[in-house]
Structures are given as structure tokens and as C-alpha cells.
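Per-entry structural report
Here is how the chains run, residue by residue.
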Amino acid sequence: MDIVLICVAFIAGFIAQRCNLPPLVGFLLAGFGLNAFGFESNTAIQHLADLGVTLLLFTIGLKLDIKVLLSKEIWAGATIHNVASTAYFTLALLALQFIGVSAFADMGMTQLVILGFALSFSSTVFAIKALQDKGEMNSVYGTLAIGILVMQDIFAVIFLTVSTGKIPEWYAIFLFALPLARPLLFKLLDKLGHGELLVLGGIFFALVTGAGLFELVGVKADLGALVLGMLLAGHKKASELSKSLFNMKELLLVCFFLNIGLSEQPTVTGLVMAILFMFLLPVKALFYYLIIDRFKFRNRTSLLTSLTLFNYSEFGLIVGGLAYKEGWITGDIMVAIALAVSISFVVSAPINRFSNGIYRRSAQWLKEHSDTKINIRDQFIHLGDSQVMILGMGRIGTGAYDELVRRHGEICVGVEIRDDTAGHHQKYERNTIQGDVTDSDFWERVQNIQQIELVLLAIPNNQGNHYAFEQLKIRGYKGKVAAIAEYPDQVDQFLELGADAAFNIYREAGSGFATHVCDTLKPEFTKNSA
């Protein structure tokens with residue numbers, strides 16, 4: 001059976017990918033197809049699915065800034081949306097009950113509110129996957145979506161605690177002392193090196209120190225993994241740790257999406273109700289847009305955040321399972337929730353893939369806020385009087401910046417992805433802005449790009465330089481572009497794409513090193529030659 005599951009999941013994921021859809025859509029459909037042929041979920045698949053979600057939340061935490069959650073657009077926006085959506089779904093379900101939909105006939109107000117509450121959530125797993133696939137985890141709208149989802153996870157923990165009557169142990173209060181252990185965790189992470197021990201250490205932090213500790217004191221385990229990730233987020237190895245866990249997390253999440261389809265046998269009644277739920281979904285997305293817009297974010301940010309959250313949550317299955325166990329809802333409604341979650345994933349996947357195109361087509365009908373009123377996190381980026389733009393302020397970018405300033409004066413602007421690095425350059429009076437040039441959102445905010453006469457692509461990885469170059473071409477940039485590359489074939493690729501110059505960093509470094517040595521030791525060479 002396990003061989004069949006692997007084969008069907010692989011084939012379905014491959015077909016979805018070839019159809020320009022995320023593989024997760026194929027995994028979902030594979031689960032339903034296998035269910036139709038009599039296959040069911042089992043304990044092993046459920047455990048692997050849970051591990052995948054736990055590792056996902058841990059890696060989210062590694063990239064999450066606690067200051068983001070404390071911003072009012074996150075905690076207030078998530079709270080307002082949760083209340084508004086729960087009220088909306090409850091009223092819609094009451095209307096369905098009133099017109100005689102039999103599935104809701106025997107449900108009281110409390111049960112309807114619980115069902116509305118479950119439908120008000122969006123999927124953390126799906127949204128993170130969609131953002132990762134597009135490489136927009138660090139975009140303004142990406143951080144907004146993640147922040148809102150984290151707040152929803154907190155609401156989920158509170159609900160599960162209250163509804164199940166399971167109160168955390170009294171000693172759960174000591175969890176608030178975890179930040180005091182941060183220096184110790186940092187030292188331990190320093191000692192793990194860069195190989196397999198780092199991967200095992202990440203699993204230990206996520207499953208034992210995080211999930212295990214929280215579960216021990218009666219708090220939701222997944223929340224523990226998220227919190228541990230957030231505690232480690234400021235470490236210099238946080239990004240490396242996240243990357244080392246990436247493939248394992250992706251593999252385990254295959255089980256999560258398979259498990260959704262394998263868990264419930266579709267019924268005609270359940271399918272009809274799921275379709276009804278899907279017709280209610282756009283209003284939930286509209287609430288996201290209106291609330292985010294009220295916090296003065298750009299139309300693009302509001303729209304793309306709403307599209308990222310345009311789905312139902314796997315949390316609905318948890319609430320549905322609890323309600324079904326307590327006898328509050330029928331089996332058909334439980335099936336309807338499972339189908340609605342799955343269908344929303346299938347519908348949302350292509351919408352998210354083409355979200356930038358959707359924005360460009362709808363921008364003419366959306367009224368933008370004035371530049372002075374836009375939220376500070378989403379304001380347009382003005383380049384001043386700069387004539388040279390350096391993308392990537394690492395050692396190479398910094399060296400180029402300093403040399404150009406020495407020769408031509410203050411004509412440069414540097415762009416650096418890391419806040420702390422950008423702040424370091426600003427401290428030394430280098431004109432540097434923080435931004436992710438591999439994120440299309442950054443380029444949407446950049447103003448007067450055509451005044452730049454020369455762009456230096458100095459990002460440490462070749463893929464990032466390629467993406468930045470593509471973004472420049474999309475925006476019709478007419479100036480000159482020079483890029484760094486690690487290998488001769490990469491130099492040729494940039495030249496073929498239209499770059500004005502490309503340099504092999506190792507060859508140029510070797511040439512510069514030899515020149516410096518010869519200039520410094522020339523008298524000795526002359527003496528020895530004589």
C-alpha cells in the first residue's frame with residue numbers, strides 16, 4: 001500500500017507541476033482518488049503529516065520578527081477579521097437554515113457560531129507553501145499574511161483549550177521564561193557546525209525543545225515549535241538551519257496533503273455543501289482586503305495578501321472533528337468541511353500563481369492612497385539623485401560602492417536584504433536601503449528607476465542576480481547593467497541575456513591579488529632578478 005501511495009502521489013504531483021500548478025494540488029487530488037479506490041489514512045501518515053506541520057511552523061518562526069506581530073495591522077487586523085468573518089459565516093449559515101437546508105436544521109446558535117469560526121480561518125500550510133514557491137516570503141504582503149496566520153494560530157490554541165476543557169498545567173507559566181534561555185540556545189546552535197548535526201539539531205529544537213515542551217505543560221505542541229523558531233530567529237545560522245530542514249519539511253508535507261484526501265469519503269451531500277461554502281469564500285477575502293486597506297497599505301499589498309489567504313484552513317478540520325465527536329454536527333458537514341478545504345486549495349493555487357497578473361489587470365479600478373498616507377512598511381522607495389545602484393552590499397558590493405564614491409563622489413545607492421547589514425552601512429554613511437531585490441514587491445515600490453545610469457548585480461548567488469536582471473527588463477530599464485558570476489558559463493549567460501558586462505569574481509579577484517602583490521613586492525622581484 002505504501003508503494004502505491006508514493007507512486008500515485010509522485011505521478012499526481014508531477015502532472016500538476018507540468019500543468020503550471022503547485023504539486024500540492026496533485027497531492028490533494030491523489031488523496032481523494034486513492035480514497036475513492038478504498039485506500040484510507042493510517043497512523044503512520046497522520047504522524048508524518050503532523051511532523052511536517054510542526055517543522056513548517058518551526059521554519060516560519062526562524063524567519064519571523066516578533067516586532068511584526070506587535071504591529072497593530074497584524075494583531076488588530078487579524079482580530080477584526082476573525083470577528084467579522086465569524087459573524088458573516090454565522091449569518092450565512094442561519095440563512096441556509098432558514099431556507100430549509102436540512103443539514104443545518106437541527107443546529108443551534110452555538111454550533112453555527114463554532115462552524116462559522118472554523119470557516120473564518122485561512123490555511124497556514126497552504127499560504128506558506130504558496131509564498132515559498134513564489135519566493136515572496138519576505139515581501140510586505142508575505143509578512144502581513146504570515147503575521148495574520150500566526151495570530152489565527154494563537155486564536156486556535158485558545159479555542160481548543162476552552163472547547164476541550166483542557167487547561168494548561170499550572171507550571172505552563174514558566175514558558176514565559178523561555179527568552180531567558182535564548183543565549184544558551186544560541187551557544188548550542190553555534191556548536192552544531194554545518195552538516196548532519198545541524199539538521200538533527202533543528203529537529204531537536206522543533207520537536208523536543210519546542211513541541212515536546214509545550215505539549216508537556218498542556219499547550220498546543222505546534223505553537224511550541226513556532227515559538228522556538230522565533231527565539232532562534234536572530235541567530236546568524238537561522239537561515240542556514242531553515243534551508244537544511246527544507247527538503248525534509250517538504251517531503252513530510254506531502255503526507256499532510258495526502259492525508260486530507262484520504263481521511264474522508266466524499267458524499268454527494270457533503271460535496272453540495274462544500275460548494276455552498278466555496279460561494280461564501282470571496283466575501284472572507286474581501287474582508288481581508290478592506291481591513292488591510294484601512295491600515296493604508298498599497299492596493300497591491302492589500303490584494304495579494306487577500307489572495308494568499310483566499311482559502312479555508314486545515315484548522316476547520318480540527319474544529320469539525322471536535323464538533324462531530326461532541327455530536328454538534330453531522331457526518332455530512334464534517335465531509336463538507338474537508339471537501340471545502342481541499343477545493344479551496346485547488347482554486348487558490350492558480351490564483352496565487354498568477355496573483356501579480358491579477359493585480360496588474362485590476363489596478364486601474366483600485367484607488368491608491370496618496371504617497372504621504374501609505375503605511376510606513378509599504379511606502380514607495382525613492383532613489384534620490386543616485387546614478388549607480390548596487391544590488392547586494394556584501395564584500396563585493398561594498399568594495400564597488402567605496403571605489404565608485406572615491407572616484408566620482410556620492411553617486412551610489414546600495415540595496416541590502418538584511419536589516420542589520422543595511423543599518424551597519426548607514427552607520428558608516430553609505431547610502432543604503434533595506435530591500436529584497438529577489439522579491440517583485442520591492443521593484444513595484446521603486447520609483448524613478450530610469451534615472452539610474454548603471455546597475456551592479458552583486459548578489460552572492462547567481463539566481464538572485466538573474467531574477468533582479470529580469471525585473472529590470474520587465475520595467476523597461478534602459479541603463480547599463482554589470483553582473484558578477486562564479487563560473488565562466490554564468491558570465492556567458494548574462495551576456496546572452498543582454499548585460500553590458502559580466503565578471504568572474506574568482507578570476508577578477510585573482511588578477512587583483514596578483515597586481516597588488518606585484519606592486520607591493522616589485523623592488524624585491526627586481527633585486528632577486530638582478
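Above this text you will find the structure in question.
This section reports on the structure supplied with the text. (Residues numbered from 1 in each chain as written. Predicted model: local features only at pLDDT ≥ 70, side-chain atom pairs only at ≥ 80, totals over all residues. Heavy atoms only, no water.)

**As for a nonpolar patch on the surface**
We apply this condition: Surface patches are defined over residues having more than 30% relative accessible area and no salt bridge, joining like charges when they lie within 9 Å and nonpolar side chains (Val, Leu, Ile, Met, Phe, Trp, Tyr) when within 5 Å. Shrake-Rupley sampling with a 1.4 Å probe provides the accessible areas, and residues are treated as covered by the protein chains on show and by no other component. A side-chain nitrogen of Lys or Arg and a carboxyl oxygen of Asp or Glu constitute a salt bridge if their distance falls within 4 Å. Only runs of H or I of at least four residues qualify as helices and only runs of E of at least two qualify as strands under DSSP, and these elements are numbered from the N terminus. For the exposure calls, accessible area comes from a 1.4 Å probe over protein chains only, and a residue counts as buried if that area is under 20% of its type's maximum, exposed if over 50%, partly exposed in between.
A contiguous nonpolar surface patch, about 690 Å² in accessible area, is contributed by Trp170, Tyr171, Ile173, Phe174 and Phe176. Note on placement: phenylalanine 174 falls in the loop between α8 (140-164) and α9 (182-190). Taking relative accessible area as the criterion, phenylalanine 174 reaches 56% and is therefore assigned exposed.

**Some points on the sheet that holds strand β5 (residues 480-485)**
Short version of the rule: Being paired, for any two strands, means DSSP has found at least two bridges between them. In this description, a line fitted to the C-alpha atoms serves as the axis of each element, helices being fitted only across the stretch in contact, and the angle between N-to-C directions of two axes falls anywhere from 0 to 180 degrees.
Spatially, the six strands line up as an open sheet ordered β3-β2-β1-β4-β5-β6, and their pairing is parallel. Each edge of the sheet is formed by a strand with only one pairing partner; in this case those strands are β3 (432-434) and β6 (501-504). Adjacent strand axes in the sheet meet at a mean angle of 20° when their direction is disregarded. Inspection of the sheet shows strand β2 (residues 412-416) paired to β3 by three bridges, in the parallel sense. By the bridge assignment for β3, glutamate 416 is matched with glutamine 434.

**Brief notes about the pairing of strand β4 (residues 454-457)**
Within a regular beta strand, the side chains point alternately toward one face of the sheet and then the other, so they alternate between its two faces. Note the following rule: Every crossover in which the path from the first strand over the helix to the second runs clockwise, viewed with the strands pointing away from the viewer, is termed right-handed.
The pairing of strand β1 (residues 388-391) with β4 spans four bridges and is classified as parallel. Each bridged residue has a counterpart across the sheet, and for isoleucine 390 the counterpart in β4 is leucine 456. For β4 and β5, the ladder comprises four bridges, and the chain directions are parallel. Note on β5: the bridge partner recorded for leucine 457 is alanine 483. Handedness of the β4-helix α21 (residues 462-474)-β5 crossover: right-handed.

**Quick notes on the packing of helix α13 (residues 268-294) against helix α16 (residues 331-353)**
Keep this limit in mind: Every angle not falling under 35 degrees, over 145, or within 65 to 115 is termed oblique; those three ranges are roughly parallel, roughly antiparallel and roughly perpendicular. Handedness of a crossing is defined here by the sense of rotation of the near helix relative to the far one, left-handed for an anticlockwise turn of less than a right angle and right-handed for a clockwise turn. Note on contacts: a residue pair is in contact if any heavy atoms of the two residues lie within 4.5 Å. Each residue is assigned to one of three groups, with Ala, Val, Leu, Ile, Met, Phe, Trp, Tyr, Cys and Pro labelled nonpolar, Asp, Glu, Lys and Arg labelled charged, and all others, Gly among them, labelled polar.
Across the interface, α13 lies against α16 with an axial gap of 7 Å and an inter-helix angle of 50°. On the basis of the axis angle, α13 is oblique to α16. The handedness of the crossing between α13 and α16 comes out as right-handed. Seen from α13, the contacting residues are Thr269, Gly270, Leu271, Met273, Ala274, Phe277, Met278 and Leu281; seen from α16, they are Asp332, Ile333, Val335, Ala336, Ile337, Leu339, Ala340, Ile343, Ser344 and Val347. Of the residues contributing to the contact of α13 with α16, the split by class is 14 nonpolar, three polar and one charged.

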